[in-house]
Amino acid sequence: MTLVTTPAIVLHSYRYGETSKIVRLLTLDLGLQSVVAKGAMRPKSKFGASLEAHSEGAAHIYVKPDRELNTLGEFEVNQLRRELAGNVERFALAGVLAELVIKFSSSEPHPQLYVYLHSRLNQLCGSTGEQLVVDGILSLWGMIRELGYAPALTECAADGRPVSEGDAPFSVKDGGFLCDDCALGRRLSMVPAADRRFIGHAIEDTLEGIPVFEENTAAAHRRLLSRFIHYHLAEGRELKALDYWEALN
Amino acid sequence: MSAIDDLNAELAKLPGIGRKTATRLTYHLLKQPKPTVERLASTLRTLAEKVHPCQKCGNMSESVLCPFCVDPRRDDTSFCVVEESSDIDAIEKAGEFRGRYHVLGGRLSPLDGIGPEDLAIDALKHRVEQVDATVEVIVATNPSMEGEATATYLSGVLKTTGALVTRIALGLPVGGDLQYADAVTIGQAMAARRKMPE
Ligand SMILES: [Zn+2]
Ligand SMILES: [Zn+2]
């Protein structure tokens, strides 16, 4: 058994037995981890509030090789991110980010994913109104990229030929935009040029400034995202936080 | 499956009880005099038959309405919203609150798929709207991230009712559970409640 100290973000926790908690962590050095925090439900536990969802700090984990569930020795919290609970949309988005990490990452270390989640949660903490709507869509496309499922943008998702400029058809099933030939005769949603550029910036993390969406544009983005995630990442499996977020709007 | 296996399996479904403890409890019961075991069985049956959620507030009760809902001395213009029935006991012990209760039946938790429609939020709004005076709604959900987010949501939903929505103050251990807090702490938290931001 080895003791590893690593930066970690709490994704989710639930009660385990009478007094303990099981905590899902994204760690910098050990990737996705499930740990048991013994006695965490006791009123005077050393863990206190530190194991609340979305908080971040240094986790001291006792790692046993080939064990699914390791033991959390200590968690020194440095960010609680209580602001996330102060807005319903923010809280839902943070939940979706956590859910995607829990379901689609692994115990392989993935420092870039860690840094991305860290920065998106910080961004969401202070985000409100129109910015929050855009931040949400941006964060989810970014998370899809970090998890390795980015859609095809400029080359046709079906045959790799270039997709012409302007409005373009998007096929959730094929995993991105299609060229005119491949889209011929199929019922696909046409993504307007401006939204296509936005998705491109979101995927490539190159957005400068925050566009203002019309309400129906935001809704269209949310629907596309949700369908894409359900099809490619979840393969039909249930994604509770994502469905919750979609239903909020 | 034998009777022993059946009971083991049922006991192991209870929170905090694993296979081992379940087996130990089963064998403990087998060593008891028959009347003792029968008393336990009949108590469980009575519990299942007689106890239901109160039709008004959702508190567990043996009658259609719970004692807090029928007590004429309690204040009709003040509601205390809790996650679970078991939280009411803790607040009653603190003796600081004399209004009516409302049990949500949980808290918002996107990752567990618990959304507003899974909680008794419409019923709360309806109750508040029926009072012909200014109402205070004290949100006493747990001081956890989910409890806090639920409070935020309630504050938004109740805005149209004109009610004053307040949140019990911390002092309660964050991440803790109301039912485990001591009466003094709950009393102080109730007294120092604050108005929820709009
Ligand atoms: Zn093509
Ligand atoms: Zn009642």
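All values reported here derive from a predicted model rather than from experimental measurement.

So, on to the overall build of chain B. Regarding its fold elements, chain B presents eight helices and seven strands. Once the C-alpha set of chain B is aligned to its principal axes, its extents read approximately 60 × 35 × 35 Å. The proportion of buried residues among the 198 residues of chain B is 35%. Considering only contacts in chain B between residues 6 or more positions apart, those separated by 24 or more positions represent 57%.

The subject of this paragraph is the overall build of chain A. Across its full length, chain A holds seven helices and eight strands. Against the compact-globule benchmark of 18 Å for 249 residues, chain A has a radius of gyration of 20 Å, which places it among compact chains. For chain A, the spread of C-alpha atoms along the three principal axes comes to 60 × 40 × 30 Å. In chain A, 58% of the contacts between residues at least 6 apart in sequence involve partners at least 24 apart.

A few words on the nonpolar core. Buried together is how nonpolar side chains tend to be arranged in soluble globular proteins. Among the nonpolar cores identified, the biggest contains 95 residues, and Val81 and Val137 of chain B are the most heavily contacted of them. For Val81 of chain B, the residues in contact, after removing those within four places along its chain, are His102, Leu104, Leu124, Val137, Ile138, Val139, Ala140, Thr141 and Leu154 of chain B.

A few words now on the confidence of the model for chain B. Residues and elements named next belong to chain B. Taken residue by residue, chain B gives an average pLDDT of 89. The fraction at 70 or more is 90%. Looking across chain B, the model is least confident in helix α8 (residues 183-191), with a mean pLDDT of 67, and most confident in strand β4 (residues 99-103), with 98. Predicted complex, confidence summary: ipTM 0.87, pTM 0.87.

The next point concerns the domain arrangement of chain A. Residue and element names in this part refer to chain A. Domains assigned within chain A are domain 1 (2-79) and domain 2 (82-151 + 167-248). Taken over C-alpha atoms, the centre of domain 1 sits 28 Å from the centre of domain 2. With 14 residues of domain 1 at the interface, the matching set in domain 2 holds 16 residues. Within the residue set of the side of domain 1 that touches domain 2, elements represented by two or more residues are β1 (2-16), β2 (20-27) and β3 (31-37).

What follows is about the packing of helix α3 (residues 129-146) of chain A against helix α5 (residues 193-204) of chain A. All names here are of chain A. It is at 7 Å that the axes of α3 and α5 come closest, and there the two elements cross at 55°. Comparing their axes, α5 and α3 come out oblique. Our pair here, α3 against α5, has a crossing hand that is right-handed. Here Ile137, Leu138, Trp141, Gly142 and Arg145 of α3 come into contact with α5, specifically with Ile199, Ala202 and Ile203. Taken together, the residues that form the contact of α3 with α5 break down as six nonpolar, one polar and one charged.

Residue and element names in this part refer to chain A. With mixed pairing, the five strands of this closed barrel are ordered in space as β1-β2-β3-β5-β4. When strand polarity is set aside, the average angle formed by the axes of neighbouring strands in this sheet is 50°. In terms of strand pairing, β3 meets strand β5 (residues 69-79) through three bridges, oriented parallel. Bridging across to β5, Ser34 finds its partner in Leu69. Where helix α1 (residues 88-104) meets the sheet, its contacts fall on β1, β2 and β3, and the angle it forms with β1 comes to roughly 115°.

Calculation criteria
Residues numbered from 1 in each chain as written. Chains lettered and ligands numbered in written order. Predicted model: local features only at pLDDT ≥ 70, side-chain atom pairs only at ≥ 80, totals over all residues. Helix = DSSP H or I, 4+ residues; strand = E, 2+ residues; numbered from the N terminus. Buried ≥ 20, exposed ≤ 12 C-beta atoms within 10 Å, placed from the backbone. Contact = placed C-beta atoms within 7 Å. Rg over C-alpha atoms; globule rule 2.2 N^0.38 Å. Core = buried A, V, L, I, M, F, W, Y, C linked by C-beta atoms within 7 Å. pLDDT = per-residue confidence, 0-100. Domains from an automatic or database assignment. Axes fitted to C-alpha atoms, helices over the stretch in contact; angles between N-to-C directions. Parallel < 35°, antiparallel > 145°, perpendicular 65-115°, else oblique. Left-handed = near helix turned anticlockwise from the far one by under 90°. Nonpolar A, V, L, I, M, F, W, Y, C, P; charged D, E, K, R; others polar. Pairing = 2+ DSSP bridges.

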